[in-house]
Amino acid sequence: MGAMEARLSKEVDEGNAYFTLAWSPILKADRHQIIGSVPAVAGLFELYYQDKSGSLNLFHLGNAWYGGLRSWIRGATDPTVEIDPARRKVLNTYDCYYRYCMSNSHPDIQDVLFFLGDTYNRANNPHQPSGRYQNIFVNEVNPQKLLWRK
């Protein structure tokens, strides 16, 4: 049996959406590795930095549509390209890691970003749901253990 593909899937029942978010493994950001292995398709991604204690800390939740995951992750992990000063500072200070999930549905990406944004930081969630479903549920499948710190 092969490795699970990092892809978003969905089932709908009685106006509710049940997403399965199968993440890629968490990988250290390296532009050559990103160019050679991250697909140039739509999806969503998370960026982490590793602090001095070795914990991974989420610092960016994003999506890629035009240009695909490869382009967006490559740009978002390069401090010479990143335009947001806070993210640039993180990239210049710490090792950066990423994971992604592919999806060819922009509204599905929108719904999952909204769910994750509410989960991580409800008071400052910049993402909006598509409005197609009464409730959104997400089951995350991680190919490796992730250490969370808030």
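Each remark here, short or long, concerns the structure printed above.
Attention in this report is confined to the structure presented alongside it.

### Things to note about the sheet that holds strand E2 (residues 16–22)
Then, number 1: With mixed pairing, three strands are arranged side by side in an open sheet as E1-E2-E7. Two strands lie at the open edges of the sheet, namely strand E1 (8–13) and strand E7 (135–141), each paired on one side alone. On average, adjacent strands in this sheet sit at an angle of 20° to one another, irrespective of strand direction.
Then, number 2: Relative to the sheet, helix H4 (residues 106–121) contacts E1, E2 and E7, its axis offset from that of E7 by approximately 80°.

### A closer look at the packing of aromatic side chains
Then, number 1: Summed over the entire model, instances satisfying the criterion amount to three aromatic pairs.
Then, number 2: Residues Tyr49 and Phe59 carry aromatic rings whose centres are separated by 6.1 Å and whose planes lie at 55° to one another, so their mutual orientation is tilted. Residue Tyr49 is found in strand E4 (residues 43–50), and its partner Phe59 is found in strand E5 (residues 56–64); the two are separated by ten residues along the sequence.

### Describing H4
Then, number 1: With 16 residues, H4 should cover 22 Å at 1.5 Å per step; its first-to-last C-alpha distance of 22 Å lies within 8% of that length.
Then, number 2: Among all positions of H4, only Asp108, Ile109, Asp111, Val112, Leu113, Leu116 and Gly117 are buried.

### Things to note about the sheet that holds strand E3 (residues 27–28)
Then, number 1: Ordered in space as E3-E6-E4-E5, the four strands form an open sheet in which the pairing is antiparallel. On the outer flanks of this sheet lie E3 and E5, each paired with one strand and no other.
Then, number 2: Across eight bridges, E4 lies against strand E6 (residues 95–102) in antiparallel orientation. Residue pairing for E6: Leu47 is matched across the bridge by Tyr98.
Then, number 3: Its contacts with the sheet place helix H2 (residues 68–76) against E4, E5 and E6, and it is angled at close to 25° to E4.

### Details of H2
Then, number 1: Inspection of H2 places Gly68, Leu69, Ile73, Arg74, Gly75 and Ala76 among the buried residues, and these make up the whole buried set.
Then, number 2: Where H2 is buried, its residues contact helix H1 (31–37), E4, E5, helix H3 (85–93) and E6.

### Digging into the environment of Tyr48
Then, number 1: Relative to the assigned elements, Tyr48 resides in strand E4.
Then, number 2: The sequence separation of Tyr48 and Phe59 amounts to eleven residues, and the corresponding C-alpha distance is 5.5 Å.
Then, number 3: Polar contacts involving the side chain of Tyr48 include one to the side chain of Arg99, which spans 3.2 Å.

### Structural notes on the pairing of E2
Two faces belong to every sheet, and in a regular strand the side chains alternate between them.
Then, number 1: E2 sits mainly inside the fold: five of its seven residues count as buried.
Then, number 2: Taking the residues between adjacent antiparallel strands as the criterion, E1 and E2 are bridged by two residues, where Glu14 takes a positive phi near 50°.
Then, number 3: In terms of strand pairing, E2 meets E7 through seven bridges, oriented parallel. Note that in E7 the partner of Ala22 across the bridge is Val141.

How each quantity is defined
Residues numbered from 1 in each chain as written. Predicted model: local features only at pLDDT ≥ 70, side-chain atom pairs only at ≥ 80, totals over all residues. Heavy atoms only, no water. Pairing = 2+ DSSP bridges. Helix = DSSP H or I, 4+ residues; strand = E, 2+ residues; numbered from the N terminus. Axes fitted to C-alpha atoms, helices over the stretch in contact; angles between N-to-C directions. Contact = heavy atoms within 4.5 Å. Phe/Tyr/Trp six-rings, centres within 6.5 Å; stacked < 30°, edge-to-face > 60°. Expected span 1.5 Å × (residues − 1). Buried < 20%, exposed > 50% of the residue type's maximum accessible area, 1.4 Å probe, protein only. Polar contact = N/O pair within 3.5 Å; in protein donor to acceptor, adjacent residues only side chain to side chain.

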